[in-house]
Protein chains: 2
Amino acid sequence: MSKKATIYDIAKELKITAATVSRALNNNPKISEKTRELVLATATRLNYKQNRLAVALKSGKSNNVGVIVPFINKNFFASVIRGIEDELYPKGFHVIISQTHEDKEREKKIIQNLINAQVDGILLSTSFTNINKDELRFELKKPSLFVFFDRTLNFKDISSVTIDDYQGAFDATEHLIQQGCKRIAHFDVDQNIELYKNRFKGYKDALKKHNVKFKGEYVISIKSNMEAGKEAAEKLMKLPVPPDAIFSSTDNGLLGAVKYLQSQSVLIPETFCVVGFSNEPFTKFLEPSISSVDQSPLEMGKMAAKVLLEQIEKNPVVNSKNDVILPAKLIVRKSSCKTKKN
Amino acid sequence: MSKKATIYDIAKELKITAATVSRALNNNPKISEKTRELVLATATRLNYKQNRLAVALKSGKSNNVGVIVPFINKNFFASVIRGIEDELYPKGFHVIISQTHEDKEREKKIIQNLINAQVDGILLSTSFTNINKDELRFELKKPSLFVFFDRTLNFKDISSVTIDDYQGAFDATEHLIQQGCKRIAHFDVDQNIELYKNRFKGYKDALKKHNVKFKGEYVISIKSNMEAGKEAAEKLMKLPVPPDAIFSSTDNGLLGAVKYLQSQSVLIPETFCVVGFSNEPFTKFLEPSISSVDQSPLEMGKMAAKVLLEQIEKNPVVNSKNDVILPAKLIVRKSSCKTKKN
DNA sequence: TTGTACGCGTTATCAC
DNA sequence: GTGATAACGCGTACAA
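Quick notes on the rules
- In this convention, every chain numbers its residues from 1, walking through the sequence in written order.
- Lettering of chains starts at A and numbering of ligands starts at 1, both following the order in which they are written.
- In view of the model being predicted, local features appear only for residues whose pLDDT reaches at least 70, and side-chain atom pairs are presented and counted only at 80 or more, with totals across whole chains, interfaces and linings using the full set of residues.
- The basis for the side-chain values is all heavy atoms of the structure; hydrogens and waters are excluded.
- Numbering goes from the N terminus for both helices and strands, where a helix is a DSSP run of H or I of at least four residues and a strand is a run of E of at least two.
- Each residue's exposure class comes from its accessible area (1.4 Å probe, protein chains only) as a fraction of the maximum for that residue type: buried when under 20%, exposed when over 50%, partly exposed otherwise.
- Residues reaching a pLDDT of at least 70 in both copies supply the C-alpha atoms on which the copies are superposed by least squares.
- Residues count as neighbours in contact if any of their non-hydrogen atoms are within 4.5 Å of one another.
- The definitions used throughout rest on a 1 Å grid laid over the protein atoms alone, on which a cavity is an enclosed set of points accommodating a 1.4 Å probe that cannot get out and a pocket is an open set flanked by protein within 12 Å on both sides along at least five of seven lines; lining residues are those having an atom within 4 Å of a point.
- Grid points are joined across faces, edges and corners, and a volume is the space filled by probe spheres set on the points.
- Ten residues, namely Ala, Val, Leu, Ile, Met, Phe, Trp, Tyr, Cys and Pro, are considered nonpolar, four, namely Asp, Glu, Lys and Arg, are considered charged, and the remaining ones, Gly among them, are considered polar.
- Buried area: the sum, over both parts, of the accessible surface (1.4 Å probe) that disappears when the two are put together.
- Salt bridge, as applied in this entry: a Lys or Arg side-chain nitrogen positioned within 4 Å of an Asp or Glu carboxyl oxygen.
- Polar contact is defined as a pair of N or O atoms within 3.5 Å, subject to the rule that within protein one atom must be able to donate a hydrogen and the other to accept it, and that residues adjacent in sequence are counted only when both atoms are side-chain atoms.
- Pairs of strands are assigned from DSSP output, requiring at least two bridges between the strands.
- UniProt positions are given in the numbering used here, feature names are shortened, and annotations may be inferred rather than shown by experiment.
- A fitted line through C-alpha atoms serves as each axis, taken over the contacting stretch for helices, and the angle formed by two N-to-C directions is quoted from 0 to 180°.
- Residue proximity to a molecule or strand is established when one non-hydrogen atom of the residue lies within 4 Å of it.
- Roughly parallel refers to an angle under 35 degrees, roughly antiparallel to one over 145, roughly perpendicular to one between 65 and 115, and oblique to any angle outside these ranges.
- Take the far helix as your reference; a near helix turned counterclockwise from it by less than a right angle gives a left-handed crossing, and one turned clockwise gives a right-handed crossing.

Under the annotation held in an unreviewed UniProt entry, chain A carries the name Transcriptional regulator, LacI family and is attributed to Maribacter ulvicola.

The following block contains the structure:
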């Protein structure tokens, strides 16, 4: 019972050859009913388990897919991975997780590692710090297949799955305007990141459409955490003409701002409205509940997995780029409803 | 550039043997400096990547570890996995994630699958629904190595890493008593699960220690979600003598209760105190902030990984069981501080 | 210091 | 329908 049984053991047991056993196990049509049953029976008796490593080595397909994220214990990424796993597992793929910790060097090493592990593809949400496209570019040179999700880099031949950050930001800002807000501030995170650039653009365009004057001092770049949001809010409220609303590209940053405003007895939403981005779980439970743009992480994960599978199947003939943009959905809650409740 | 380079390709290039190449690549001492450099140079030139599949097949070690959780997109599990990955990745292991969706059959299949994939070990937080120990028992019969975490089953020869649920519950309850609460209710989840049983026991023993009478009608079994907590709170408040505090084994359930109590204008913590379990992120941000017992998921993940690694190293000689119990830490916040602020 | 030969567990291509 | 053999990529005794 100590060693794992192989097809060879089964063969010896039945005085047949390993090839026959393999055929029986794989439902090869050219095999007699009798031997098949015999093989299957002894297989279970010996507690035989197919060695996927050997199959992978032989076939060149590991049936493993690598997933790279900055951190796994962040609601958004955890949910994306959930979507990926839900899509991939039923098709016989395993998901190998790695975290970059926002470290560019680590990201490179992880990619190397996954390629060494012969993964059939890699789903990647790249690190903020990874600005040097060319280095990554080198890694991405086949033979593994990549798909970006959420945090993409703009390569000509690599597919990506994102949400419509521009539209989401546009809708959020327009909603604030329609609620009667006149001076809408914006929390930005990093204009080097495509996704934050798009949100900023959506914000600006919504202002323009409704003839609301854009003011540079209302836009603050912050880190995505409470402290930064708090400081930013403080700065905003000390302006000669403070804003009466914030559209934030980060829920976490907005949270700090909300806490600060409440500590200053600013009434939300009566005199000040806020909308965030990401629809983090806590937004629903706060008092007041926070409006936010949902990123449908589960769908994103599923879609990214689907796109990858397609490319794996048609590999390596076509090099078709496929950029999927999922809709961003504004979730309106109390924090942005001056007019009535919700 | 299309096919992956192998040690054979390097050998041919240099008119030496694959064996020599292998030695050079593995820093075998018995090799000339010259050839080593030559090999290394052509290796990078040909963009050679070691095939971990082949190494694994040859050595019998895949350097992959399977992790099985009910869902990955739950803060607790995501954080445990983060801990596992943080511990394992630097040692050259990859983490393969699978989710059971609380489905017992799926759990069995996943274990099979991981064993087929030749993982070196499995870290498992078992499904609620998996009550039939004997079936799982069958799967667990070597040669793979298992370690349970958080949701354990009581096997005589399988290690586990948990937190001290009993102590955490005891501390939480005692804290409520010390705050002056006289009638402390308890939200239980499922007494079939070891961990909830221990929390219930901690609750009871704390009451006993302080001579607070235990009342059966104050204990309600609920699902771990808001709706269930809401209903339970409603039921409690309609009792002839309603409680003045709740110690809940689930933060999510408690959240529903809090929302209900607030809707009924019950003052928390002035006239009603609550303490939860898990220290979910939202507990910190609510108004009032919710006291909760922290489960240190990161540490749990790291510890589970460590225990597994130890067993992998001494495998297969000793079959030493190692049950690690991490401390549970009560985080006191506003929701349970009748006396002063926090 | 390097080459030879073999095995890890499977599957595929020939034969018979 | 089944057997024999080669091959996937690598590491390692053994020999030279």
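Here the narrative resumes.
Colleague: Is there a simple way to think about unusual backbone geometry in this case?
Modeller: All names here are of chain A. Look at the link from E287 to P288: it is a cis peptide, with omega at 0°. Looking at the secondary structure, you find P288 in the loop between α12 (281-285) and β10 (291-294). The phi dihedral of Q118 falls on the positive side, at around 65°, and the residue is not glycine. Secondary-structure assignment places Q118 in the loop between α6 (104-116) and β3 (121-124). With a relative accessible area of 12%, Q118 lands in the buried category.

Colleague: How should the relation of the copies chain B and chain A be read in this particular structure?
Modeller: The relation between the two chain copies is a rotation about an axis coupled with a shift along that axis. Each copy superposes on the other: chain B lies on chain A with an RMSD of 0.1 Å after a rotation of 180° and an axial shift of 0.0 Å. Such a combination of rotation and displacement between the chain copies is what one expects of a two-fold axis. Taking C-alpha positions as the reference, the residue of chain B nearest the rotation axis is I96 of chain B, at 2.3 Å. Comparing interface residues between copies, 100% of those in chain B also sit at the interface in chain A, which points to an isologous, same-surface contact.

Colleague: Explain empty space enclosed by the protein to me, please; I cannot follow it from the model alone.
Modeller: In this approach, a probe sized like a water molecule rolls over the atoms, and the result shows the empty space that is left. For the coordinates displayed, the defined rule picks out 2 cavities of 30 Å³ or more. Its boundaries defined by the atoms lining it, the largest cavity holds a volume of some 150 Å³. Taken together, 14 residues make up the lining of the largest cavity; nearest its centre are L53, N64 and A117 of chain A together with L53 and N64 of chain B. Among the secondary structure elements, those contributing two or more residues to the lining of the largest cavity are α4 (52-59) of chain A together with α4 (52-59) of chain B. Within the lining of the largest cavity, the residues separate by chemical class into 8 nonpolar, 4 polar and 2 charged. A volume near 40 Å³ is recorded for the second largest cavity.

Colleague: What should I look at first to understand the interface of chain B and chain A in this one?
Modeller: One widely used convention gives an interface's size as the accessible area the parts lose upon coming together. Contacts between the two partners involve 49 residues from chain B, matched on the other side by 49 residues from chain A. Approximately 4,700 Å² of surface area, both sides summed, lies buried where chain B meets chain A, with 59% of it carried by carbon and sulfur atoms. For the chain B face of the interface with chain A, the top three residues by lost area are L53, Y89 and F285 of chain B, together amounting to 15%. Taken together, the connections running from chain B to chain A amount to 0 salt bridges. Between chain B and chain A we count 18 residue pairs in polar contact (both at pLDDT 80 or more) in total. Secondary-structure elements contributing two or more residues to the side of chain B that touches chain A are α4, α5 (75-88), β2 (94-99), α6 (104-116), α11 (251-263) and α12 (282-285) of chain B. If you tally residues by element for the side of chain B that touches chain A, the top one is α6 of chain B, at 8 residues. Class assignment for the residues of the side of chain B that touches chain A results in 24 nonpolar, 15 polar and 10 charged. Bridge count between strand β2 (residues 94-99) of chain A and β2 of chain B: 3 bridges; the pairing is antiparallel. Its bridge partner lying in β2 of chain B, V95 of chain A is registered against I97 of chain B.

Colleague: Is there a simple way to explain the pattern of salt bridges in this structure?
Modeller: Pairing is possible between side chains that carry opposite charge, provided their charged atoms lie close to one another. All names here are of chain A. For the coordinates displayed, the defined rule picks out 25 salt bridges over all chains. Here K334 makes a salt bridge to E287, at a shortest N to O gap of 3.4 Å. Taken together, the residues span a long stretch of sequence, with K334 in the segment after β12 (329-331) and E287 in the loop between α12 and β10 at a distance of 47 residues. K334 sits in the partly exposed class, given a relative accessible area of 30%. Note on E287: relative accessible area 44%, which makes it partly exposed.

Colleague: Would you mind showing me how to read the UniProt feature "domain: HTH lacI-type" (unreviewed entry) in chain A here?
Modeller: Here the UniProt-annotated "domain: HTH lacI-type" (unreviewed entry) positions come out as residues 5-59 of chain A. Across residues 5-59 of chain A, helical content stands at 67% and strand content at 0%; the span's end C-alpha atoms are separated by 21 Å.

Colleague: I keep staring at the sheet that holds strand β1 (residues 64-69) of chain A and nothing clicks. Help me out?
Modeller: Spatial strand order, β11(A)-β5(A)-β4(A)-β3(A)-β1(A)-β2(A)-β2(B)-β1(B)-β3(B)-β4(B)-β5(B)-β11(B): 12 strands in an open sheet with mixed pairing. Of all the strands in the sheet, the pair left with one neighbour each is β11 (323-326) of chain A together with β11 (323-326) of chain B. The mean inter-strand angle of the sheet, taken between neighbouring strand axes irrespective of direction, is 20°. Relative to β11 of chain B, strand β5 (residues 159-163) of chain B runs parallel, the two being bridged by 4 bridges. What sits directly across from V161 of chain B, in β11 of chain B, is V324 of chain B.

Colleague: So what exactly am I meant to see when it comes to the protein's contact with DNA strand D here?
Modeller: Around DNA strand D lies a shell of 25 residues, among which T17, T20 and R23 of chain A together with I7 and Y48 of chain B are the nearest. Per the 4 Å cut-off to the protein, sugar and phosphate atoms form 61% of the nearby atoms of DNA strand D. Between T35 of chain A and DNA strand D, the recorded distance is 2.8 Å, taken from a side-chain N or O atom to a phosphate oxygen. Within the side chain of Q50 of chain B, a nitrogen or oxygen atom sits 2.9 Å from a phosphate oxygen of DNA strand D. Listing elements by their share of the surface near DNA strand D, those giving two or more residues are α2 (18-25) and α4 of chain A together with α2 (18-25) and α4 of chain B. Across the surface near DNA strand D, the residue classes tally to 9 nonpolar, 9 polar and 7 charged.

Colleague: Explain the packing of helix α1 (residues 7-14) of chain B against helix α3 (residues 33-45) of chain B here, please?
Modeller: How two helices pack is summed up by the angle between their axes together with the distance between the axes. Residues and elements named next belong to chain B. The contact between α1 and α3 brings their axes to 10 Å, and the two run at 120°. Judged on the interaxial angle alone, α3 and α1 are oblique. Crossing hand, α1 versus α3: right-handed. Counting all contacts with α1, which are made through I10, E13 and L14, the residues of α3 involved are L38, V39, T42, A43 and R45. A per-class count over the contact of α1 with α3 returns 5 nonpolar, 1 polar and 2 charged.

Colleague: Just checking my understanding: could you explain the sheet that holds β10 of chain A for this structure?
Modeller: Pairing between the strands of a sheet is mediated by backbone hydrogen bonds and can be parallel or antiparallel. Residue and element names in this part refer to chain A. Taken together, 6 strands build an open sheet; the order of strands is β7-β6-β8-β9-β10-β12 and the sheet is mixed. Of all the strands in the sheet, just β7 (219-221) and β12 have a single pairing partner and so form its edges. Here the strands of the sheet are splayed against their neighbours by 20° on average, with no regard to which way each runs. Strand direction decides the pairing type here: strand β6 (residues 184-188) and strand β8 (residues 245-248), joined by 4 bridges, are parallel. When the sheet's bridge partners are listed, I184 is paired in β8 with A245. Packed on one face of the sheet, helix α8 (residues 165-178) meets β6, β8, β9 (273-278), β10 and β12 and runs near 165° to β9. Packing of helix α10 (residues 226-237) onto the sheet brings it into contact with β6, β7 and β8, and relative to β6 it is tilted by some 150°.

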